[in-house]
Amino acid sequence: MVAHLGDRPPTYAAEPIALPAADPAGLTALTPDTVLEGAQYGGYTLRAASVRGDSARFRGEARRDFLLTARFGTGPDALVLVVLAGGDRAAPGAAEAAAEVCRSVAAAVGRSQERLSQDIRDGRREALRSGLQRLTDRGYGQLRARAAELGLPEDGYTAGLRGVLLPVDPGCRTRVCFGAGAGGLFRLRDGHWRDLEEPAPAPQAPQAPQAPQIPPAGPTGFRFRFRASVARPGDTLLLCSGGLADPMREEEPLSAELAARWADAPPPGLAAFLADTQLRLKGYADDRTAAAVWEA
């Protein structure tokens, strides 16, 4: 069993130490240390987890990341949505902002489920991009209004957001990802990871201009990110908050270990997926939230 990656063990213990302080009048606001979710539809398997970081576990601080998974609609037109968000652990309203932006965007997606489902089926990528950017901007607008009510600066009440829309219809293999702020989107194909938020390499020969997948920053103050693509059998798509995206980009041992565990293997169960997302590295003690989609 791998205790940690790298030459030195992390500073904090591997298991929770202290519980966050509780208010007897606000027990509904308590946040569990860990959340797990999973599903299987058509040709894909979904796993999702949100875990309190080692630092928060040691200091008795609540998890600031937030994870929401929902199915909207019924039958083949239904959509599965996963949205996750993570805020700056130094910001006092990070946990509330992460939860608020996830719930706001999810509710908007749910109200627009029929149109989004049809756009996905018809391959209307520009309609999807503009529609999801509008919903995302609206969610961040609510965060800015709430920050003003609380007397906080905008960057003191915000969170990075990532989401994925997955059709239930097994005949539709289009996967739609979007988000803003800190976080990441990665794809494991043929045993190799690709950071899907890195700019594409310049073409070697002149090509017809294409609409950018990462348009300029909008009212969110963040650059809106969008990607719609057709999944291949054997692909694994991973979206995550900054607490996992940073070491995925900066620490090769982590990406290599996850590739070794997930390539050419069945999707892990919930407990195994949780263990995978908690692979520990010195210097990375933030909350980690991740959702992964395995294509049959």
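None of these values were measured; they are calculated from a predicted model.

(A) Summary view of the sheet that holds strand 4 (residues 79-86). Here five strands make up an open sheet; going across it, the order is 3-4-5-6-9 and the pairing antiparallel. Looking along the sheet, the strands with just one partner apiece sit at the ends: strand 3 (66-72) and strand 9 (224-230). Strand-to-strand twist across the sheet, computed as the mean angle between neighbouring axes with direction ignored, equals 10°. Sitting on the sheet, helix 4 (residues 125-150) touches strand 5 (160-167), strand 6 (174-180) and strand 9, and the angle it makes with strand 9 is about 145°.

(B) Summary view of helix 2 (residues 94-111). Helix length check: helix 2, at 18 residues, gives a terminal C-alpha distance of 26 Å against a target of 26 Å (1.5 Å per residue), a fit within 8%. Of all the positions in helix 2, only Ala94, Ala97, Ala98, Ala99, Val101, Cys102, Ser104, Val105, Ala106, Ala108 and Val109 are classed as buried. The inward-facing, buried residues of helix 2 contact strand 3, strand 4, helix 3 (113-122), helix 4, strand 5 and strand 6.

(C) Up close: unusual backbone geometry. Positive phi, normally seen in glycine, also occurs at Asp190, with a value near 55°. Position of Asp190 among the secondary structure elements: in the loop between strand 7 (184-189) and strand 8 (192-195). For Asp190, a relative accessible area of 69% translates into the label exposed. Phi at Asp264 takes a positive value of approximately 55°, unusual for a residue other than glycine. Within the element layout of this structure, Asp264 appears in the loop between helix 6 (252-262) and helix 7 (270-277). Asp264 sits in the exposed class, given a relative accessible area of 86%.

Conventions and cut-offs
- Residues numbered from 1 in each chain as written.
- Predicted model: local features only at pLDDT ≥ 70, side-chain atom pairs only at ≥ 80, totals over all residues.
- Heavy atoms only, no water.
- Pairing = 2+ DSSP bridges.
- Helix = DSSP H or I, 4+ residues; strand = E, 2+ residues; numbered from the N terminus.
- Axes fitted to C-alpha atoms, helices over the stretch in contact; angles between N-to-C directions.
- Contact = heavy atoms within 4.5 Å.
- Expected span 1.5 Å × (residues − 1).
- Buried < 20%, exposed > 50% of the residue type's maximum accessible area, 1.4 Å probe, protein only.

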